[in-house]
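Spelled out from the first residue to the last, the chains are:
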Amino acid sequence: MASSLYILVLAGGSGERFWPLSRKTKPKQLLALFSEETLLGQTLKRLEGLVPPQNILILTNTDQEAQVREMAAQLPAENIVAEPAKRDTAAAVALGVGWISMRDSTATMVVLPADHLIQDEAGFHRTIRTAAAAAEKTGVLVTIGLRPTWACPGFGYIELGKKIEIDLGPDAPEVREVVRFREKPNPELAESFLRKGNFRWNAGMFIWSLTAILSAFDRHTPELGEFICQIRQTKDLQKTLAERFPKLPRISIDYAIMERAARVLVVEAAFDWDDVGSWTAVAKYLQTDGAGNAANLEITQIDAANNIVFSSRKTHISLLGAKNLIVVQTEDALLICDRNEAEKIKALVGVVPEELR
């Protein structure tokens, strides 16, 4: 590629959806849900061969910084920075833009969440390389679109426009214009998106040249554009962050930039993907018995069906007559809830003792 490629990995989070396994200091990306490796560890491993370690930057928060540093020990220490306050994804990306600009003002930048499950590494590399090439050749903002597998009302959607005729190589995934971004739809609207076939899930993966994203910030959110300039010019990054970051606006990168941009391209993902947003999503990757019970360990059951069982302890769990439950056991807490109430676990975290959050 003509310019250097840098990757900003967003590794924050509140650690509520997977309570009691997750906590403020240990959100989803720091959990080993599918193997002995955490989702952050899987993300970093997936980046091997795509960019050198010195071009991978991780943005986390003060609650999780110590564990992130431990899990990403292969990266230079200065490549990990903790946000001093919660300010949503636009401020996080702006920090990343300034941070990378300090190193290479001509770079192309990729923004990736740390907590997604992607198993097709080759397809992922092909997609990212295509998106980076499209960003460099066109000078516009690029995102990744994932073909929906069901009418999910919990995701944002991208409406596809015309195909872009651009030479990106024989195996390059399709590149299209974005007609518009659609916020999380109601179930009926999600069904219509699925039927139309020209909608993709928005997975929060972005690719752009620093020139393009700097221009977008200056035009659409000048306060964040000014912050980027301060980061680029600072002699003391930590001091500037402590003074400026907590005062930045709370707004997502989708609202701040992507939905306002005059032109955005979308690359069709050539890989599998799951955001694994709840215990019910985890269940399909666990061992399942003939009654639909999914578990990460051996269980015994009589007349029990469609339960999800996850334990971080070496213990035995037996179910008798239990149906549609989520059972999660850790060293200091036990969750038992109706499988259909999984989305309310975040509310439950707000009322458990502080030391268990």
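Look up a bit, the structure's there.
Just so you know, these numbers come straight off a predicted model, no measurement behind them. (Residues numbered from 1 in each chain as written. Predicted model: local features only at pLDDT ≥ 70, side-chain atom pairs only at ≥ 80, totals over all residues. Heavy atoms only, no water.)

Colleague: Can you help me understand the side chain of Arg 87 in this one?
Modeller: Tracing the chain through its elements places Arg 87 in the loop between β3 (80-83) and α3 (88-101). The side chain of Arg 87 sits in the buried core without any salt bridge; Glu 223 is the nearest counter-charge, 8.2 Å away. Here the side chain of Arg 87 touches Leu 248 through a polar contact of 2.8 Å, landing on its backbone oxygen. Leaving out residues up to four positions away in the same chain, Arg 87 has contacts with Phe 245, Pro 246, Lys 247, Leu 248, Pro 249, Arg 250 and Ile 251. (Helix = DSSP H or I, 4+ residues; strand = E, 2+ residues; numbered from the N terminus. Buried < 20%, exposed > 50% of the residue type's maximum accessible area, 1.4 Å probe, protein only. Lys, Arg positive; Asp, Glu negative; His and termini not counted. Salt bridge = Lys/Arg side-chain N within 4 Å of Asp/Glu carboxyl O. Polar contact = N/O pair within 3.5 Å; in protein donor to acceptor, adjacent residues only side chain to side chain. Contact = heavy atoms within 4.5 Å.)

Colleague: Please explain helix α5 (residues 187-196) as it appears in this structure.
Modeller: Count 3.6 residues to each turn of an α-helix, and residues three or four apart come out pointing the same way. For α5, every residue scored as buried is listed here: Ala 190, Ser 192 and Phe 193. End-on, the buried residues of α5 take up no more than an arc of 160°, which puts them together on one face. With respect to the buried face of α5, the exposed residues turned more than 90 degrees away are Glu 188 and Arg 195. Once α5 finishes, Gly 197 follows within two positions and takes phi at roughly 85°, a positive value. (Arc of directions from axis to C-beta.)

Colleague: Quick question: what am I supposed to make of a negative patch on the surface here?
Modeller: The grouping of Glu 37, Glu 48, Asp 120 and Glu 121 at the surface amounts to a negative patch. Tracing the sequence through the fold places Glu 48 in the loop between α1 (39-46) and β2 (56-61). (Patch = residues over 30% accessible without salt bridge, like charges linked within 9 Å, V, L, I, M, F, W, Y side chains within 5 Å. Areas by Shrake-Rupley, 256 points an atom, 1.4 Å probe, with all protein chains shown as cover. Charge placed at Lys NZ, Arg CZ, Asp CG, Glu CD.)

Colleague: What is the right way to read the packing of α3 against helix α6 (residues 210-220) from this model?
Modeller: Angle between the axes and distance between the axes are the two parameters that describe a pair of packed helices. Closest axis-to-axis distance for the α3/α6 pair is 11 Å, and the angle between their directions is 135°. In terms of orientation, α3 and α6 fall into the oblique class. Along this stretch, α3 crosses α6, giving a crossing that reads as left-handed. Touching Ala 90, Val 93, Ala 94, Val 97, Ile 100 and Ser 101 of α3 are Leu 210, Ile 213, Leu 214 and Phe 217, all from α6. Across the contact of α3 with α6, the residue classes tally to nine nonpolar, one polar and no charged. (Axes fitted to C-alpha atoms, helices over the stretch in contact; angles between N-to-C directions. Parallel < 35°, antiparallel > 145°, perpendicular 65-115°, else oblique. Left-handed = near helix turned anticlockwise from the far one by under 90°. Nonpolar A, V, L, I, M, F, W, Y, C, P; charged D, E, K, R; others polar.)

Colleague: Sorry, what's going on with the packing of aromatic side chains here?
Modeller: The description of two aromatic rings rests on the distance between their centres and on the angle between their planes. All told, the structure shown has 11 aromatic pairs when counted by the stated rule. Taking the centre distance of 5.4 Å and the plane angle of 65° together, the rings of Phe 155 and Trp 273 count as edge-to-face. Separated by 118 residues along the polypeptide, Phe 155 in the loop between β5 (141-146) and β6 (156-163) and Trp 273 in the loop between β9 (264-268) and α10 (279-283) bring together distant segments of the chain. Both residues of the pair, Phe 155 and Trp 273, count as buried. An angle of 15° between the planes, with centres 4.0 Å apart, marks the rings of Phe 193 and Phe 199 as stacked. (Phe/Tyr/Trp six-rings, centres within 6.5 Å; stacked < 30°, edge-to-face > 60°.)

Colleague: Would you explain the environment of Ala 261 in this entry?
Modeller: As for its position among the elements, Ala 261 is in the loop between α9 (253-258) and β9. Owing to a relative accessible area of 18%, Ala 261 belongs among the buried residues under this scheme. Through-space distance from the C-alpha of Ala 261 to that of His 220 is 8.1 Å; in sequence the pair is 41 residues apart. With residues up to four places along the chain from it excluded, the contact list for Ala 261 reads Leu 141 and His 220.

Colleague: I tried to follow the pattern of salt bridges on my own but got confused; where do I start?
Modeller: Oppositely charged side chains may form a pair once their charged atoms are brought near each other. Per the counting criterion, the structure on display carries 13 salt bridges. The closest approach of N and O atoms between Lys 284 and Asp 274, which form a salt bridge, is 3.3 Å. With Lys 284 in the loop between α10 and β10 (287-288) and Asp 274 in the loop between β9 and α10, the pair connects residues that are 10 residues apart, well separated along the chain. Here Lys 284 falls in the exposed class, since its relative accessible area comes to 60%. Salt bridges sharing common partners tie together Lys 24, Glu 354 and Arg 357.

Colleague: Is there a simple way to explain the side chain of Ser 101 in this structure?
Modeller: Tracing the chain through its elements places Ser 101 in helix α3. Residue Ser 101 is classed as buried on the basis of its relative accessible area, which comes to 8%. Contacts of Ser 101, omitting those with residues within four sequence positions, involve Leu 210, Leu 214 and Arg 232.

Colleague: Explanation requested: the sheet that holds β10 in the structure shown.
Modeller: In any sheet, the strands associate via hydrogen bonds between backbone groups, in a parallel or an antiparallel arrangement. Spatially, β10-β11-β13-β15-β16 is the arrangement adopted by the five strands of the open sheet, whose pairing is mixed. Unpaired on one side and paired on the other, β10 and β16 (334-338) mark the two borders of the sheet. Of the strand pairs in this sheet, β10 and strand β11 (residues 294-295) are connected by two bridges, and their pairing is antiparallel. The residue bridging Thr 288 from the neighbouring strand is Ala 294, located in β11. (Pairing = 2+ DSSP bridges.)

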